[in-house]
2 protein chains.
Amino acid sequence: MHAGRLAELLGRWSSGSEALYLKLAARLEALIERGEIPADGRLPTERALAAELAVSRNTAVAAYDVLRDHGVVERRRGSGTFVRRPPRPGRGVIAEFNPMFLHLLDPVPDLIDLTCAAPPQPACLPEVVAEAALGDFGIGYHPSGLPALRQAIAGFYAAQGLPTDPGQIVVTSGAQQAISLLTQLFLRPGDAVVVEELTYPGALDAFRGSGARVLGVPLTAEGVSVPGLAEVVAGAKLVYLVPAFQNPTGSVLPSHAARRVVALCESHGVPLVDDQVLADLTLDGPRPAPLARHGGGVISVGSLSKLIWGGVRIGWVRADPRTAADLARLKAVADLGTDVVAQAVGVALFARLDRLRTERQCELRERRDQVVRDLRSALPSWEFRTPPGGQTLWIRLPGVDSRRFAQFALRYGVALLEGTSLAAHESSSEHIRVPFTLPREALSEAVRRLRRAWENYPGANGGELALSGAAAAGDGDGHATFPAERDDEPAGRDSPVPPGREHLR
Amino acid sequence: MHAGRLAELLGRWSSGSEALYLKLAARLEALIERGEIPADGRLPTERALAAELAVSRNTAVAAYDVLRDHGVVERRRGSGTFVRRPPRPGRGVIAEFNPMFLHLLDPVPDLIDLTCAAPPQPACLPEVVAEAALGDFGIGYHPSGLPALRQAIAGFYAAQGLPTDPGQIVVTSGAQQAISLLTQLFLRPGDAVVVEELTYPGALDAFRGSGARVLGVPLTAEGVSVPGLAEVVAGAKLVYLVPAFQNPTGSVLPSHAARRVVALCESHGVPLVDDQVLADLTLDGPRPAPLARHGGGVISVGSLSKLIWGGVRIGWVRADPRTAADLARLKAVADLGTDVVAQAVGVALFARLDRLRTERQCELRERRDQVVRDLRSALPSWEFRTPPGGQTLWIRLPGVDSRRFAQFALRYGVALLEGTSLAAHESSSEHIRVPFTLPREALSEAVRRLRRAWENYPGANGGELALSGAAAAGDGDGHATFPAERDDEPAGRDSPVPPGREHLR
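Numbering of residues starts from 1 in each chain and follows the order in which that chain's sequence is written. All chains are assigned letters beginning at A, and all ligands numbers beginning at 1, according to the order in which they are written. Per-residue local features of the predicted model are confined to residues with pLDDT of at least 70, and side-chain atom pairs are confined, for both listing and counting, to 80 or more; whole-chain, interface and lining totals are unaffected and use all residues. Side-chain metrics rest on all non-hydrogen atoms present in the structure, leaving aside hydrogens and water.

Moving on, we come to helix H1 (residues 3-10) of chain A. All names here are of chain A. Of all 8 residues making up H1, 8 are buried, and the element is well covered by its neighbours. Think of it in three bands: with a 1.4 Å probe and only protein chains considered, a residue is buried below 20% of the maximum accessible area for its type, exposed above 50%, and partly exposed in between. Only DSSP runs of H or I covering at least 4 residues are called helices, and only runs of E covering at least 2 are called strands; the numbering of each starts at the N terminus. Buried within H1 we find Ala3, Gly4, Arg5, Leu6, Ala7, Glu8, Leu9 and Leu10. In the segment just after H1, Gly11 is the residue with positive phi, at about 55 degrees.

Residues and elements named next belong to chain B. Fitted lines through C-alpha atoms give the axes, limited to the stretch in contact for helices. The angle between two N-to-C directions lies from 0 to 180 degrees. Here helix H15 (residues 402-410) crosses helix H16 (residues 440-456) at 115 degrees, and the two axes come no closer than 9 Å. Here H15 runs over H16; the crossing is right-handed. Residues Phe405, Phe408 and Ala409 of H15 touch H16, and the partners they reach there are Leu450, Ala453, Trp454 and Asn456. Looking at the contact of H15 with H16, its residues break down into 6 nonpolar, 1 polar and no charged. By definition, any crossing whose near helix is turned counterclockwise from its far helix by less than a right angle is left-handed, and any crossing with a clockwise turn is right-handed. Any two residues whose heavy atoms approach within 4.5 Å at even a single point are treated as in contact. All amino acids are sorted into three groups, where Ala, Val, Leu, Ile, Met, Phe, Trp, Tyr, Cys and Pro are nonpolar, Asp, Glu, Lys and Arg are charged, and the leftover types, Gly among them, are polar.

Here we come to the nonpolar core. Generally speaking, nonpolar side chains in soluble globular proteins are found buried as a group. Only buried Ala, Val, Leu, Ile, Met, Phe, Trp, Tyr and Cys residues count toward a nonpolar core, and they belong to the same one when joined by side-chain atoms within 4.5 Å. Counting residues in hydrophobic clusters, the biggest one holds 187 residues, and the most contacted among them are Trp382(A), Phe405(A), Leu416(A), Trp382(B), Phe405(B) and Leu416(B). In this document the domain limits rely on a domain assignment from an automatic tool or a database. Each of domain 1 (100-114 + 362-470) and domain 2 (125-351) of chain A accounts for three or more of the residues forming this core. Residues contacting Phe405(A), with those up to four places away along its chain left out, are Trp382(A), Leu397(A), Val400(A), Leu416(A), Leu450(A), Ala453(A), Trp454(A) and Tyr457(A).

The next thing to look at is the interface of chain A and chain B. In this assembly, 79 residues from chain A lie in contact with 78 residues from chain B. Interface area, chain A with chain B, both sides summed: about 6400 Å², of which 59% is carbon and sulfur. Note on terms: buried area is the combined drop in 1.4 Å-probe accessible area of two parts once they are placed together, counting the loss on both. Among the residues of chain A in contact with chain B, Tyr141(A), Arg322(A) and Arg329(A) are the three that bury the most area, contributing 14% of the side total. Salt bridges are defined by distance alone: a side-chain nitrogen of Lys or Arg within 4 Å of a carboxyl oxygen of Asp or Glu. The interface formed by chain A and chain B contains 0 salt bridges. Polar contacts, as counted here, are pairs of nitrogen or oxygen atoms within 3.5 Å of one another; within protein the pair requires one atom able to donate a hydrogen and one able to accept it, and residues that are adjacent in sequence qualify only if both atoms are side-chain atoms. Applying the counting rule to chain A against chain B returns 24 residue pairs in polar contact (both at pLDDT 80 or more). Residue assignment for the side of chain A that touches chain B shows that the elements contributing at least two residues are helix H2 (20-33), helix H5 (99-105), helix H6 (125-131), helix H8 (174-186), helix H9 (201-209), helix H12 (321-335) and helix H13 (340-351) of chain A. The residue makeup of the side of chain A that touches chain B, split by class, is 43 nonpolar, 19 polar and 17 charged.

Residue and element names in this part refer to chain A. Following the criterion strictly, the structure yields 50 salt bridges over all chains and no others. With a shortest N-O distance of 3.0 Å, Asp335 and Lys331 are connected by a salt bridge. With Asp335 and Lys331 both in helix H12 and 4 residues apart, the pair spans about one turn of that helix. Taken individually, Asp335 and Lys331 each receive the classification buried, so the pair is uniform in this respect. The salt bridge partner of Arg360 is Glu363, with a shortest N-O separation of 3.5 Å. Here Arg360 pairs with Glu363, and both are found in helix H14 (residues 353-378), just 3 residues apart, close to one helical turn. One network of salt bridges, with partners in common, ties together Glu46, Asp65, Arg68, Asp69 and Arg75.

What follows concerns the packing of aromatic side chains. One pair of aromatic rings is described through two measures. These are the centre distance and the angle between the planes. All names here are of chain A. The rule is short: rings of Phe, Tyr and Trp, with Trp giving its six-membered ring, pair when the centres are within 6.5 Å, and they are stacked under 30 degrees, edge-to-face over 60, tilted in between. For the structure on display, the rule yields 22 aromatic pairs over all chains. Measuring from ring centre to ring centre gives 5.5 Å for Phe408 and Tyr412, while their planes differ by 35 degrees; the resulting arrangement is tilted. No difference in accessibility class separates Phe408 from Tyr412, as the two residues are buried. Each residue in the set Trp382, Phe405, Phe408, Tyr412, Trp454 and Tyr457 is aromatic and connected to the rest through ring pairs, giving one cluster. Sitting over the ring of Phe82, Arg76 keeps its end group 3.9 Å from the ring centre. Lysine NZ or arginine CZ positioned within 6 Å of the ring centre and within 35 degrees of the ring normal marks a charge as sitting over the ring. Between the NZ or CZ atom of Arg318 and the centre of the ring of Tyr157, over which it lies, the distance is 5.6 Å.

Take the sheet that holds strand E2 (residues 73-76) of chain A next. Residues and elements named next belong to chain A. With respect to topology, 3 strands assemble into an open sheet ordered E1-E3-E2, the strand pairing being antiparallel. On the outer flanks of this sheet lie strand E1 (42-43) and E2, each paired with one strand and no other. At least two DSSP bridges between two strands are required for those strands to pair. Relative to strand E3 (residues 80-83), E2 runs antiparallel, the two sharing 4 bridges. Bridge pairing in E3 places Glu74 opposite Phe82. Contacts between helix H4 (residues 57-69) and the sheet are confined to E1, E2 and E3, with E2 contributing the most and set at about 120 degrees to the helix.

Okay, the pairing of strand E11 (residues 272-275) of chain A next. Residues and elements named next belong to chain A. Both faces of E11 are covered, namely the face carrying Leu272 and Asp274 and the face carrying Val273 and Asp275. Two strands pair when backbone bridges link them, and strand E10 (residues 238-241) and E11 are joined in this way by 3 bridges, in the parallel orientation. The residue of E11 that forms the bridge with Tyr240 is Val273. Crossovers are described as right-handed under a simple rule: with the strands pointing away from the observer, the path leading from the first strand over the helix to the second runs clockwise. Once you follow E10 into helix H11 (residues 255-267) and on to E11, the crossover reads as right-handed. Bridging between E11 and strand E12 (residues 298-303) involves 4 bridges; their strand directions are parallel. Note that in E12 the partner of Leu272 across the bridge is Val298.

Let us look at the relation of the copies chain A and chain B. C-alpha atoms of residues with pLDDT of at least 70 in both copies form the basis for the least-squares superposition of the copies. With an RMSD of 0.0 Å, the fit of chain A onto chain B corresponds to turning through 180 degrees and sliding 0.0 Å along the axis. The operation mapping one copy onto its partner corresponds to a two-fold rotation axis. Comparing interface residues between copies, 99% of those in chain A also sit at the interface in chain B, which points to an isologous, same-surface contact.

It is worth spelling out the confidence of the model for chain A at this point. Residues and elements named next belong to chain A. The predictor's confidence in any single residue is recorded as pLDDT, a number from 0 to 100. Here chain A shows a mean pLDDT of 86. Residues at 70 or above account for 86%. This stretch, residues 89-97, has a pLDDT under 50; its non-local contacts, to residues over four places away or in other chains, come to 25 contacts. Of the regions scoring below 50 in pLDDT, residues 464-505 engages in 98 contacts with residues more than four places distant in sequence or in other chains.

A separate point is the packing of helix H3 (residues 46-53) of chain B against H15(B). Residues and elements named next belong to chain B. Here H3 crosses H15 at 80 degrees, and the two axes come no closer than 7 Å. Classified by the interaxial angle, the pair formed by H3 and H15 is roughly perpendicular. Where H3 abuts H15, its residues Ala51, Glu52 and Leu53 lie against Arg403, Arg404 and Gln407. Partitioned by chemical class, the residues of the contact of H3 with H15 number 2 nonpolar, 1 polar and 3 charged. Geometric relationships in this document are graded by angle, where less than 35 degrees denotes roughly parallel, more than 145 denotes roughly antiparallel, 65 to 115 denotes roughly perpendicular, and other angles denote oblique.

Let's shift gears to the sheet that holds strand E9 (residues 238-241) of chain B. Residue and element names in this part refer to chain B. Within the open sheet, the 7 strands sit side by side as E4-E12-E11-E10-E9-E5-E6. Their pairing is mixed. Both edges of this open sheet fall to strand E4 (169-172) and strand E6 (213-217), since each of them pairs with a single strand only. Each strand axis lies, on average, 20 degrees off the axis of its neighbour in the sheet, ignoring direction. With 4 bridges joining them, E4 and strand E12 (residues 315-318) adopt antiparallel strand pairing. Along E12, the bridge assignment pairs Val171 with Trp316. On the sheet, helix H12 (residues 321-335) packs against E4, strand E11 (299-303) and E12 and is oriented at approximately 25 degrees with respect to E4.

Spelled out as structure tokens, the structure:
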């Protein structure tokens, strides 16, 4: 198993106050117990693992020794460390999953989570739930969605200049399920799906899980490159784009380019999915128009998860009636329909959407402006543009491998989403995505922690862990260069998460 | 396209007051518009379609003529009727779906729906929703389920003598999603999945949708045949059973057989899924023990949909921690987790589950006993056993093709689920499944309508539409034998849905 992949699987292993090698061993053992390590069962060398995790080689050696003592691995001198894992009967291949999902599945306390860009639970929730009209919904099965909610969503598009029949709407459990059902409908193993070279990780997981080939198109400062799209669209089975406040770069596809994109997909007969989940989060200027304004065949995906709250799993697809009917059937087989109480709450949310949208935009604008100010002042070498909408900054750490820096930052109490998680193709990345969805105090604290991590990071400012020197770093022992592993790191008032401690045996 | 398959797709086409041929033409046109007719595009002969739908041949001829006049089909003398359908670009194959789902997707008013066995919306719903504790759920993403709900479900198993860690529980959107995720985890195209020869249609759809081969094991009066299971289990990738109040036969697998079933699957290393969705609906005697009581590797599936309401989409899987972790990841990719408000309502429902269960059992027992009495008196030739639990009767109509009778009964305002919808293998069936979930007045009315349909059905009592004479029926014109198509059917107080009218051109 490649050390980089293992580092992703390890997730937030290094937060908490135990000795680093014990935390590493415990997390590795849990992964092995859960069968996460692929069939060949060979772990990376201590040297390679240490380099990826930005720890000393001694830490990796000690962790592997613990696993050996627990009977979990076998260490063969000269050939490596092998997992002793009981076979898993009757099990298919598990798709590889994104670190974003791993973080959600294994939450860690006392960590500022900057991996998932999502608003906190809204204060109005109990009020809206109490307001939800629980009419008579019969036996409760509504695979396409409650009529009242489909009507509300159709009205939402009509207000954007897109007359829409409720028969064109299918309610889903968040945009994630919308993408998942579209994957089922359009993609078979080996099919090509076209995306922006950087995109929403949940979509990448759904596409990869289906066995499709993911083709990334370069991004410009104004969204997807149209000539780049023209090069790969022929023969693809699906195009998936985030044209409004592109995730993660924040760009907006201008309407002249949007028209060309729609025409290109139409002329090749390739269905085009417009992920509009962020379109309502306009912070400067007007709301970007849905791509469906430029052509009839566009499939729009939307959700209340970013505008209201991720715990409200109300998403939808707007499509031609035929595609909508197909999706409704897949939805019936997937889960027979979204929870009716949740949908009734969705209707109540749509009734007050204008006010909620304004509130959210104000809040996000303030948070964005603050984090931009804080970062420019605390970390002037970090490069980014202020996005006109959405909820994230896309930041370049010049010359630094962001995956390794993310590992390092964990020990300062910050979980970062690094660029490779959002990349269509295998690559190393100098980028991280930083959301500005948290309350302002948490954002300030996050910047303080990031600054301390950066100041102490040996790879910053052209050090030996810099991107270009990554291979070299694995060759040296490097122990003396990791101040965060020493006992002498102060755990003062600014540091609610004590830094890791090195306990060598 | 085979006439029987087309009849399934047509669903409830014949209810309502318009002329039969117009209703048939409209429904066919909608199916063609939505691309439901397979690629070869050839419709059945008028004769074959008429036989399947229990209408006169003239009705089928007139319907096809309407379609031709609308430019939707082409009629070639001597070779048949062909769909003129625009191609669907970039679209994969759509799996065939069960009529049960078609009924849910196309609800029809003024029809007594006996296709879906599901309780009506409970009166306590607003109260329970108001009671749901909307605590602080952070950013709202909980792919494995809310901790409080996982805890409640673990406690539910502990109370049945199965100590359970919350880490073994994954919350799903109903049992349908649980089955759907298990399908994704265990089945690849071509894999064999073993089921009872008659089983829950939603499971059949999920398995077939994955491209798996479905192998049916014979049923006895005491559940699945253990020798039958032994014959096919080797090499299968999954076994899915409904041992408690088997759907549709109502049988209960005795514990000695349950032990053998569990041992058999264990010895072949085949994961065994115990669908316990009906297990709480005990009407006589004790609650059947979960199969997991007999061995460690059993995967239990449960839900609140049958005990409380289908609109509450709270289901779950109980499995070993490793399988639970795998399912949680698939759940994350499918929809990032079930709606949080819905899960909070689920917690509130578990807090009062004992009382709700008792109420529901009382209600179901009364309804079962009434419908049994009514049927024995009104339709003494119908054969069935009184089930000790669950919510359906499995009724044999001796010598009658139940699919054709179901078509006929539609015109008397009753939608029936006929046996082939629940069958693992292609077959004709003399059986229908009749739920006793509706209020008592609706059940009485349903029996009255069924009696009138039966009295007028030419195939009943060994008539020409009887099962054994099905082929022969397609050869005659049969017009004079369909009283329900005549104008002279009384539409009196007992008949809220006017019977169909024959309007020949």
